[in-house]
Amino acid sequence: MAERPAAEHQLWLRSFHRPTPGAPRLLCLPHAGGSASFYFAVSKALSPAVDVRAVQYPGRQDRYDEPPAGSIQELAQGVFRALDDGEDTPLVLFGHSMGAMVGFELARLLEAAGRPPAMFFASGRRGPSLARTETVHQGDDAQLIAEVTKLDGTDAALLEDEELLRMVLPVLRADYRAVETYRRTPGPRLSCPVVAMTGDADPRLTPDEARTWAEETDGAFELRVFPGAHFYLVAQQEAVLAEVRAALRRLGPAAGAVA
């Protein structure tokens, strides 16, 4: 297959640090309202042993002038088209919250193309088979702000800045619409290992709900529960990245040397 156009690759993917040649790739997918820069600290901590790449969704930061995607599947297809299918180093997916759903649909696309990911970390989100009615995207701005405040993943200073809020809220609402209207379509289970991660005090996710990711793979499944709420991975970054490093080492010599 031909390599993806460089412009498309640069549009969707961000690299913050130069990796060691042949390093395993960790593709990080942000949460609703999130951007690639959310994973800068992850890249700094894992580089150069891991080639950390973060996805930049349309509608934010340097893609502000683009309309946000209308669905989880549209986001997954955009990332899929941007990936260089000529690279033969292992590709590990890490998606948090909305990013977990994008990562799942991306994993399905990769598997259908004969390039399954080496592993998939699904963080802060229940498995796609566990659907429930959610209508945050249909509420007014105050209700949307109340929801993101409850999840404690947005800088309080941003929420108090009316100009910034006017810029961010349309993208945030579009992301919530994509998440809340998403439904898993029939298809084969994944073949890759899946590691589900969650905080033990997440107001929107219980460990049992996180465990439903086991239904989505024929590969190995693990559940990791950390202290914290929905954005546990910020306060617990060292422990989370220890799990990622250990998982990469388990991939064997093909994953390269991961400290």
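Look up a bit, the structure's there.
Each chain carries its own residue numbering, running from 1 in the direction its sequence is written. Per-residue local features of the predicted model are confined to residues with pLDDT of at least 70, and side-chain atom pairs are confined, for both listing and counting, to 80 or more; whole-chain, interface and lining totals are unaffected and use all residues. With hydrogens and water excluded, all non-hydrogen atoms of the structure serve as input to the side-chain values.

J.: I'd like a description of the overall build of the protein, backed by residues and values.
T.: Scanning the protein from terminus to terminus reveals 10 helices and 7 strands. Working definition: with a 1.4 Å probe on protein chains only, accessible area under 20% of the residue-type maximum means buried, over 50% means exposed, and in between means partly exposed. When the 259 residues of the protein are sorted by exposure, 49% land in the buried category. By definition, residues are in contact when any of their heavy atoms lie within 4.5 Å. Partitioning the contacts of the protein with sequence separation of at least 6, the portion at a separation of at least 24 is 80%. The Shrake-Rupley method, run with a 1.4 Å probe, gives the accessible areas here. Residue values count only the displayed protein chains as cover. Within the structure as shown, the protein displays about 11600 Å² of accessible surface, and the carbon and sulfur contribution to it stands at 54%. Per the convention used, a helix needs a DSSP run of H or I reaching at least four residues, while a strand needs a run of E reaching at least two, with both numbered from the N terminus.

J.: How would you explain unusual backbone geometry if you had to name every residue and give the values?
T.: The general pattern is negative phi for most residues beyond glycine and trans for most peptide bonds. Across the junction of Ser47 and Pro48, the peptide omega takes the value 5 degrees, indicating a cis bond. For Pro48, the location among the structural elements is in the loop between helix H2 (40–46) and strand S3 (51–55). Positive phi is not limited to glycine here, since Ser97 has a value of about 60 degrees. Mapped onto the secondary structure, Ser97 falls in the loop between strand S4 (91–96) and helix H4 (98–112).

J.: Which residues make up the pattern of salt bridges, and what values go with them?
T.: The salt bridge criterion pairs a side-chain nitrogen of Lys or Arg with a carboxyl oxygen of Asp or Glu, the two atoms within 4 Å. Under the criterion given, the structure shown has 11 salt bridges. Of the charged contacts in the structure, one is a salt bridge between Arg14 and Asp62, with a shortest N-O distance of 2.9 Å. Here the residue Arg14 occupies a position in strand S1 (residues 13–14), and Asp62 occupies one in the loop between S3 and helix H3 (72–82), the gap between them amounting to 48 residues. Owing to a relative accessible area of 54%, Asp62 belongs among the exposed residues under this scheme. Of the charged contacts, one joins Arg204 and Glu147 as a salt bridge, the two residues approaching to 2.8 Å between their closest N and O atoms. Residue Arg204 is found in the loop between strand S6 (194–199) and helix H8 (207–210), and its partner Glu147 is found in helix H5 (residues 141–151); the two are separated by 57 residues along the sequence. Residue classification places Glu147 among the buried residues on the basis of a relative accessible area of 9%. In the salt-bridge network here, residues are joined through shared partners; they are Glu222, Arg224, Glu243 and Arg250.

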